[in-house]
Amino acid sequence: MSESCIPTIDLSPFLREDEDGKKKAMEVITQACSEYGFFQIVNHGVSLDLIKEVMELAKTFFDYPEEEKKKSSPLPNAPLPAGYSRQPPQSPDKNEYMLFFPPGSPFNVIPQNPPKFRELVEEMFVQMSKTGVLMESIINDCLGLPPNFLKEFNDDRSSDFMVAFRYFPSSSTENTGITEHADGNSITFVIQDGVGGLQVRKNGEWIPVVPAEGTIVVNVGDCIQVLSNKKFKSACHRVERTEGRSRYSYAFFHNLPGDKWIEPLPQFTKEIGEPPKYRGFLYKDYQLMRKRNKTHPPARPEDEIHIGRKQEMGESCIPTVDLSPFLREDEDGKKKAMEVITQACSEYGFFQIVNHGVPLNLIKEAMELSKTFFDYSDEEKSKSSPSSNAPLPAGYNKQPLHAPDKNEYLLVYPPGSTFNVFPQNPPKFRDVLEEMFVQMSKTGVLLESIINECLGLPTNLLKEFNHDRSWDFLVALHYSPASNNENTGVTEHEDGNCITFVIQDGVGGLQLRKNGEWIPVVPAEGTIVVNVGDVIQVLSNEKFKSATHRVVRTEGRNRYSYVFFHSLKGDQWVEPLPQFTKDIGEPPKYRGFLFKEYQELRMRNKTHPPSRPEDVIHIIHYAINN
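These numbers were taken from a predicted model, which means no experiment stands behind them.

**Q** Which parts of the structure should I look at to understand the packing of aromatic side chains?
**A** Two descriptors summarise a pair of aromatic rings, namely the distance from one centre to the other and the angle between the planes of the rings. In this structure the tally under the stated criterion is 26 aromatic pairs. Residues phenylalanine 61 and tyrosine 64 carry aromatic rings whose centres are separated by 6.1 Å and whose planes lie at 75° to one another, so their mutual orientation is edge-to-face. Put simply, the rings of Phe61, Phe62, Tyr64, Tyr84, Phe100, Phe117 and Tyr248 touch in pairs and so form one group of aromatic residues. A cation over a ring is seen here: lysine 260 above phenylalanine 153, with NZ or CZ 4.6 Å from the ring centre. Here the basic side chain of arginine 550 rests over the ring of tryptophan 518, its NZ or CZ set 4.1 Å away from the ring centre.

Now the structure itself:
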């Protein structure tokens, strides 16, 4: 194989069942994917006349004035911006593009002009999708997987998408079209015009992928790299612009649904005695982290999230656990989820849950009503101030000016509690808050039972230990935008209760301390963040960790969230359980305490903050120096 170009594969043997031709082609594809993940294909079945026509129509469309192109701007609820978009001026990438989901997708916004654009783009999508399925089956065979394994693993084509690009001519000082990157999906297909500019990094050098009529460039993405445990490589590539010439191209992304779990396949790990090189992850979590590279580019290049980062996935984000197996009694699914939860709680006490049973429409409505309430005047909000005899200030509160925490909040006890002080406005707020409480309480009981099993405790031990739900509470929070010199929302801390659940809006700001670094917990619609509290840490004698976390405010943006505290009654005695001490010959790491006494000490941290940080009361106040 030449060091200065990428190989070209003739796919016709796969279309006419030429076994010798197929074998020869697969040898070249296997070598290319093993070394750097790039090759080109010809005789692929996509009509060359169609390619030529859609390329001309893309040029026509991108030549329209901005006003005309913006008529095809994306819908606000699309998972990716389907329709016309242009990179913002501050972005290092210099292009405009038109993104399409599969024909019939409700997210598509396809231009009315030029005529036939919609019809031909949809036909192009259909033909590229067939090529994607064919190439997936070839890669399946190249990897030696069982027939149709990848097809069955990735059988949902609704997340595939195609993009028409226009790259502007380079300037005298800058020629970046797209910065170097690897694709996060399964397989990508690129059709270039004659201008070129696509480059692949091979053996430390940038190799130009020279355009040739009738060829389609193929590159392996991160998901194939992880599934194959690095047997096949995800290709690092970039686009450079040409002085005086616009560049046009189409890229088709053979993708995966967001809720797909990705981890090295057993065929490349335990079945051959090889350790996995990556932790498992939910595909949409990884995509959200990659998206954040674009929307909030880190100051240091080494902080960008990509599959090859030193932390090898999972060190830079928290795992997402699908709870549906616990709601439908799927034993295999439950076992897998519990393994992830056990690892997360053993290391740092944080994870996210999806398919948790809390209606997403309810969450959305509760968030909107919260925003409406916090937008009211202080005079209106103060009508819901707490009663003086409440154990915690149920009702509306605002952090005092001198407090390091900068937020206001509305605290709610269980429906029917005599301590509750609900706002009269906005209408329905009380009903929605009470329904939220009921739903979150169910989720709390479920997670408590899962943690009980993860710890290997007797059935229902935690439920019987903590059977009184009258001390649970729900908090709606509003964080004002950061100032030029201060961005604290909540200072770093651990939660003193059993289990905490956080629902974030899209602004983010929640951060977890992991291995000495602060990791952002990127918001994702439908997810609830879960963290273990001090009580679980003590009961498990530090088998499970209480998570250190904080909230950082964002400049120019308000942040809204809900937090549900699965708590403990005040007169409950807390100490390491015998299952983690005398039953296994381990000394207890904490002396016992009354829960309400610990809570009173933590409250004093807020009302009378000590002058020295080391004097702040944490759970280590009860630690035994063994």
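Picking up after the structure, the text goes on.
**Q** When you look at helix 2 (residues 19-35) in this model, what are you seeing that I'm missing?
**A** Since there are 3.6 residues in each turn of an α-helix, residues three or four apart along the chain are aligned in direction. For helix 2, with 17 residues, the first-to-last C-alpha span of 24 Å sits near the 24 Å given by 1.5 Å per residue. By the burial criterion, the buried members of helix 2 are Gly21, Lys22, Ala25, Met26, Ile29, Ala32 and Cys33. Viewed along the axis of helix 2, the buried residues span an arc of 130°, placing them on a single side of the element. Those residues of helix 2 that are exposed and aimed more than 90 degrees away from the buried face are Asp20, Lys23 and Lys24. In this structure, the buried side of helix 2 is in contact with strand 1 (8-10), helix 1 (12-16), strand 2 (38-42), helix 5 (117-142) and strand 10 (216-220). Taking the backbone nitrogen of aspartate 20 as reference, a side-chain oxygen 3.3 Å away marks aspartate 18 as the first, capping residue of helix 2.

**Q** How should I be thinking about helix 5 in this particular structure?
**A** Between its first and last C-alpha, helix 5 extends 36 Å over 26 residues, near the 38 Å set by a 1.5 Å rise per residue. One or two positions beyond helix 5, positive phi appears at glycine 144, with a value near 75°.

**Q** Where do I start with the sheet that holds strand 6 (residues 176-182) in this structure?
**A** Working definition: the strands of a sheet are paired by backbone hydrogen bonds and lie parallel or antiparallel to each other. With antiparallel pairing, the four strands of this open sheet are ordered in space as 6-11-8-9. On the outer flanks of this sheet lie strand 6 and strand 9 (205-208), each paired with one strand and no other. When the angles between neighbouring strand axes are averaged without regard to direction, this sheet yields 25°. Bridge analysis of strand 8 (residues 198-202) against strand 9 gives four bridges, and the strand direction is antiparallel.

**Q** Quick question: what am I supposed to make of empty space enclosed by the protein here?
**A** In this approach the atoms are scanned with a rolling probe the size of a water molecule, which exposes any empty space left behind. If you walk through the whole model with that rule in mind, you get three cavities of 30 Å³ or more. Roughly 40 Å³ of volume is contained in the second largest cavity. Contributing to the lining of the second largest cavity are Glu136, Leu150, Phe153, Asn154, Ser186, Ile224, Leu227 and Leu256. For the lining of the second largest cavity, the residue count by class is five nonpolar, two polar and one charged.

**Q** How do you make sense of the sheet that holds strand 4 (residues 95-100) when you look at a structure like this?
**A** Judged by pairing direction, the sheet is mixed, and its eight strands sit side by side in the order 1-2-10-7-12-5-4-3 without closing on themselves. Two strands bound the open sheet, and with one partner strand each, they are strand 1 and strand 3 (83-86). Averaged over neighbouring strand pairs, the angle between their axes works out to 25° when direction is ignored. Across three bridges, strand 1 lies against strand 2 in parallel orientation. The partner of isoleucine 9 across the bridge, within strand 2, is isoleucine 41.

**Q** Would you take a moment to explain the confidence of the model for the protein chain for this structure?
**A** Atom-level detail of predicted coordinates should not be read off regions where pLDDT is low. Taken over all residues, the pLDDT of the protein chain has a mean of 89, while the share at 70 or more is 93%. Per-residue pLDDT stays below 50 along residues 309-316; that stretch engages in 25 contacts with residues further than four places along the chain or on separate chains.

**Q** Looking at this structure, I do not really get the environment of isoleucine 451. What am I missing?
**A** Tracing the chain through its elements places isoleucine 451 in helix 13 (residues 429-454). Sequence separation between isoleucine 451 and isoleucine 262 is 189 residues, and the spatial gap between their C-alpha atoms is 24 Å. Once residues within four sequence positions are removed from consideration, isoleucine 451 is found in contact with Leu462, Ile499, Val532, Ile536 and Phe544.

**Q** Looking at this model, I keep getting lost on the domain arrangement of the protein chain. Mind explaining?
**A** Quite often, the size of an interface is put as the accessible area lost when its parts meet. Along its sequence, the protein chain is organised into domain 1 (8-293) and domain 2 (320-570). Computed from C-alpha coordinates alone, the two centres of domain 1 and domain 2 are separated by 39 Å. On the domain 2 side, the residues contacting the nine residues of domain 1 number 13 residues. Between domain 1 and domain 2, a total of about 920 Å² is buried, with carbon and sulfur atoms accounting for 57% of that surface. Seen at the junction of domain 1 and domain 2, the total is two salt bridges. Between glutamate 263 and lysine 336 there is a salt bridge, with the nearest N and O atoms lying 3.6 Å from each other. Taken together, the connections running from domain 1 to domain 2 amount to two residue pairs in polar contact (both at pLDDT 80 or more). Tallying contributions element by element places helix 8 (residues 283-295) first for the side of domain 1 that touches domain 2, with five residues. Partitioned by chemical class, the residues of the side of domain 1 that touches domain 2 number four nonpolar, no polar and five charged.

What counts and what doesn't
Residues numbered from 1 in each chain as written. Predicted model: local features only at pLDDT ≥ 70, side-chain atom pairs only at ≥ 80, totals over all residues. Heavy atoms only, no water. Phe/Tyr/Trp six-rings, centres within 6.5 Å; stacked < 30°, edge-to-face > 60°. Lys NZ or Arg CZ within 6 Å of the ring centre and 35° of its normal. Helix = DSSP H or I, 4+ residues; strand = E, 2+ residues; numbered from the N terminus. Expected span 1.5 Å × (residues − 1). Buried < 20%, exposed > 50% of the residue type's maximum accessible area, 1.4 Å probe, protein only. Arc of directions from axis to C-beta. Contact = heavy atoms within 4.5 Å. Polar contact = N/O pair within 3.5 Å; in protein donor to acceptor, adjacent residues only side chain to side chain. Pairing = 2+ DSSP bridges. Axes fitted to C-alpha atoms, helices over the stretch in contact; angles between N-to-C directions. 1 Å grid on protein atoms, 1.4 Å probe; cavity = no way out; pocket = protein on both sides within 12 Å on 5 of 7 lines; lining within 4 Å. Points joined across faces, edges and corners; volume = space filled by probe spheres on them. Nonpolar A, V, L, I, M, F, W, Y, C, P; charged D, E, K, R; others polar. pLDDT = per-residue confidence, 0-100. Domains from an automatic or database assignment. Buried area = accessible area lost by both parts, 1.4 Å probe. Salt bridge = Lys/Arg side-chain N within 4 Å of Asp/Glu carboxyl O.

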